Amino acid sequence: MSERLQPGDVAPDFTLPDADGNEVSLSAHKGRKVIVYFYPAALTPGCTKQACDFTDNLSLLADAGYDVLGISPDAPEKLGKFREKENLKVTLLADPDKKVLDAYGAFGEKMNYGKTYLGVIRSTIIVDEEGKVEKALYNVRATGHVAKIIKDLDI
């Protein structure tokens, strides 16, 4: 389990496959702000709500200079099904070995119904144009989270 990122930290660079198997790197977005969000699993109710909220607000965020990348441990094929089923426009990336999730502090101990287990910690990291962490939000809620980000960023 890795440390959580803090504002001012350099965001760890990564290259992951998208839903079509194309490689996407954080460094390719240098010069733009990036909202990197981590979610547990495609095609589940909370993750669907969150991905749809990002899709619904994608043009607003893009106009304000933000790109959005969603990362989960799902395989690219599952991400493709998720995108098609929900008509998602956000870029979804696969991290099945959880290396990026771990590097961002978005994988670790969770508790549910009194049981402790390892899993994806729903998190959102906002990276500035220089590749530094602007905001690091952990244990966020799937519902209402995108609206809160938009409000917090004054968009």
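Residues numbered from 1 in each chain as written. Predicted model: local features only at pLDDT ≥ 70, side-chain atom pairs only at ≥ 80, totals over all residues. Heavy atoms only, no water.

Caption draft 1: Representation of the pattern of salt bridges within the structure. Applying the stated criterion to the full structure yields 9 salt bridges. Here Asp67 makes a salt bridge to Arg32, at a shortest N to O gap of 3.0 Å. Of this pair, Asp67 sits in strand β4 (residues 66-72) while Arg32 sits in the loop between β2 (23-25) and β3 (33-38), placing them 35 residues apart in sequence. The class of Asp67 is buried, set by a relative accessible area of 18%. Note that Lys33 is salt-bridged to Glu134, the shortest N-O span being 3.2 Å. Residue Lys33 is located in strand β3, and its partner Glu134 is located in strand β9 (residues 133-138); the two are separated by 101 residues in the primary sequence. Judged by its relative accessible area of 18%, Lys33 falls in the buried class. Looking at Glu134, the relative accessible area reads 28%, which means it is partly exposed. A single network of salt bridges, built from pairs that share partners, joins Asp20, Arg83 and Glu84. (Salt bridge = Lys/Arg side-chain N within 4 Å of Asp/Glu carboxyl O. Helix = DSSP H or I, 4+ residues; strand = E, 2+ residues; numbered from the N terminus. Buried < 20%, exposed > 50% of the residue type's maximum accessible area, 1.4 Å probe, protein only.)

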